[in-house]
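# Analysis of the macromolecular model
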Amino acid sequence: MAKELDGFKLEQRHGKARVRVGRVWRSSDQGGNRRHFLVEWKVNISLLSNCLPSYVRDDNSDIVATDTMKNTVYVKAKECQEQLSAEEFAILLGKHFTSFYPQVYTAIVKIVEKPWERVSVNGQPHEHGFKLGSEKHTAEAIVQKSGILQLTSGIEGLALLKTTQSGFEGFIRDKYTALPETRERMLATEVTASWRYSYDSVSSIPKKPLYLNERYLNVKQVLAETFFGPPKSGVYSASVQSTLFQMAKAVLSRFTDISSIQLKMPNIHFLPVNLSSKDNGEIVKFNDDVYLPTDEPHGSIEASLSRFWSKM
Ligand SMILES: O=c1[nH]c(=O)c2[nH]c(=O)[nH]c2[nH]1
């Protein structure tokens, strides 16, 4: 909410960034298994609150200290007796800040989960051993005092590559164009995705435990499968743009509780290697085999797709 002050407009928020927390849950069953479950989260909290006197009158009496916000993350993590998703923890914190403090009208809580994965030893899942995977699960909950919720989940750093079934033809050619047309190239990207759920209140989210973790895994699978196509034949990509659109459409078609999705897909180039020297002529002639991988510069392609009746 913007406030007019002496002819100026002030918009403000305050919070705590990069609060890191690890939480372990221990289970034991009749069979003597003592399996541990672990999450590591980086939490960003931002509160929209009525605390103007702190800005204009040196009066901090309406300020929730950011140090208190940090402590709250640890207290709430301790209070969660059952494993929960990053989305659920973000909502839980958002609900806490907006209901506990009269001054706070909106809480924006973002979480990035570190991809710790259970290891297998001799083909058997380890009870308490984890290794770091690659892509990260992200979640953002914007919670209003009224209970209205905006919930977004995402993936960061999903690196995908295929060695064929990709081309790029028919683009504008002019006096600045050097790129040859091709129907045979590598396609590599690092997908950043975020999708908005249509749940608009805390109470409308399905109660099934870890439902949103399952959703995250399903969306990731649909994105990857659409990128690659069937295992034997693959699927031809006419451009990153076209593949991005197919991936976004597949997610919206498959999951009716997702109202929009944004995808960022850099085109990470693998350049053909051709080498020749003045004396010896051709040293290496490219035959879809030796590449120079580069990430600078890279193409940057991003789009979002939403349903016509989306609330976004
Ligand atoms: O899939 C692509 N999209 C582009 O927009 C583009 N531009 C370019 O140089 N190569 C590619 N590839």
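Just so we're clear, the structure is a prediction, and the values are computed from it rather than from any experiment.

## Comments concerning the packing of aromatic side chains
- This structure, assessed with the given rule, holds nine aromatic pairs.
- Between Trp-41 and Phe-89, the aromatic rings sit 4.8 Å apart at their centres with planes inclined by 20 degrees, giving stacked as the arrangement. One end of the pair, Trp-41, is in strand 4 (residues 36-49); the other, Phe-89, is in helix 3 (residues 86-100), with 48 residues separating them in the sequence.
- For the ring pair Phe-227 and Phe-228, a centre distance of 5.0 Å and an interplane angle of 90 degrees mean the geometry is edge-to-face.
- Clustering of aromatic rings is evident, with ring pairs tying together Phe-97, Phe-100 and Tyr-101.
- Across from the ring centre of Phe-37, 5.2 Å away, lies the NZ or CZ of Arg-118, which sits over that ring.

## Comments concerning the environment of Asn-44
- Looking at the element boundaries, Asn-44 is found in strand 4.
- C-alpha separation for the pair Asn-44 and Ile-142, spaced 98 residues apart in sequence, amounts to 12 Å.
- Once residues within four sequence positions are removed from consideration, Asn-44 is found in contact with Lys-16, Ala-17, Arg-18, Ile-108, Val-109 and Lys-110.
- A polar contact of 3.1 Å, which involves the side chain of Asn-44, links it to the backbone nitrogen of Arg-18.

## Quick look at helix 3
- The first and last C-alpha atoms of helix 3 sit 21 Å apart over 15 residues, in line with the 21 Å expected at 1.5 Å per residue.
- Along helix 3, the positions that sit buried rather than exposed are Ala-86, Glu-87, Phe-89, Ala-90, Ile-91, Leu-93, Gly-94, His-96, Phe-97 and Thr-98.
- Buried residues belonging to helix 3 abut strand 4, helix 2 (66-79), strand 5 (104-113), strand 8 (136-144), strand 9 (149-162) and helix 4 (211-228).

## Quick word on the site of the ligand
- All residues adjacent to the ligand are Phe-168, Leu-179, Arg-185, Ser-239, Val-240, Gln-241 and Asn-267.
- In this structure, Arg-185 approaches the ligand through a side-chain N or O atom, which is 2.8 Å from an oxygen atom.
- At 2.9 Å, a side-chain N or O of Gln-241 approaches a nitrogen atom of the ligand.
- Within the complex, the protein chains bury 71% of what would otherwise be the 290 Å² of accessible surface of the ligand.
- Looking at the shell around the ligand residue by residue, the class counts come to three nonpolar, three polar and one charged.

## A few points about unusual backbone geometry
- Glu-296 connects to Pro-297 through a cis peptide bond whose omega is -10 degrees.
- For Gln-165, which is not a glycine, the phi torsion comes out positive at approximately 60 degrees.
- With respect to the element layout, Gln-165 can be found in the loop between strand 9 and strand 10 (187-197).
- Residue classification places Gln-165 among the partly exposed positions, given a relative accessible area of 26%.

## A word on the domain arrangement of the protein
- As assigned here, the protein comprises domain 1 (9-147) and domain 2 (158-198 + 206-312).
- Computed over C-alpha atoms, the centres of domain 1 and domain 2 are 32 Å apart.
- Tallying the contact residues gives nine residues for domain 1 and six residues for domain 2.
- Each partner contributes to the roughly 740 Å² buried at the junction of domain 1 and domain 2, and carbon and sulfur atoms together form 57% of this total.
- Among the residues of domain 1 in contact with domain 2, Glu-87, Glu-135 and His-137 are the three that bury the most area, contributing 57% of the side total.
- Across the contact surface, domain 1 and domain 2 share one salt bridge.
- The interface formed by domain 1 and domain 2 contains one residue pair in polar contact (both at pLDDT 80 or more).
- Among the elements of the structure, helix 3 and strand 8 are those that each provide at least two residues to the side of domain 1 that touches domain 2.

## A short note on the pattern of salt bridges
- The full count for this structure, using the stated rule, is twelve salt bridges.
- Glu-40 is the salt-bridge partner of Lys-114, the closest N and O atoms lying 4.0 Å from each other. One end of the pair, Lys-114, is in the loop between strand 5 and strand 6 (116-121); the other, Glu-40, is in strand 4, with 74 residues separating them in the sequence.
- Given a relative accessible area of 29%, Lys-114 falls into the partly exposed group.
- For Glu-40, a relative accessible area of 14% gives the class buried.
- Residues Glu-169 and Arg-183 are paired through a salt bridge, measuring 2.9 Å at the closest nitrogen-oxygen approach. Of this pair, Glu-169 sits in the loop between strand 9 and strand 10 while Arg-183 sits in the loop between strand 9 and strand 10; the two residues are 14 residues apart in sequence, bridging distant segments of the chain.
- The exposure class of Arg-183 is exposed, given its relative accessible area of 51%.
- Among the charged side chains, a salt-bridge network with shared partners connects Arg-20, Glu-40 and Lys-114.

Parameters and conventions
- Residues numbered from 1 in each chain as written.
- Predicted model: local features only at pLDDT ≥ 70, side-chain atom pairs only at ≥ 80, totals over all residues.
- Heavy atoms only, no water.
- Phe/Tyr/Trp six-rings, centres within 6.5 Å; stacked < 30°, edge-to-face > 60°.
- Helix = DSSP H or I, 4+ residues; strand = E, 2+ residues; numbered from the N terminus.
- Lys NZ or Arg CZ within 6 Å of the ring centre and 35° of its normal.
- Contact = heavy atoms within 4.5 Å.
- Polar contact = N/O pair within 3.5 Å; in protein donor to acceptor, adjacent residues only side chain to side chain.
- Expected span 1.5 Å × (residues − 1).
- Buried < 20%, exposed > 50% of the residue type's maximum accessible area, 1.4 Å probe, protein only.
- Near = heavy atom within 4 Å.
- Areas by Shrake-Rupley, 256 points an atom, 1.4 Å probe, with all protein chains shown as cover.
- Nonpolar A, V, L, I, M, F, W, Y, C, P; charged D, E, K, R; others polar.
- Domains from an automatic or database assignment.
- Buried area = accessible area lost by both parts, 1.4 Å probe.
- Salt bridge = Lys/Arg side-chain N within 4 Å of Asp/Glu carboxyl O.

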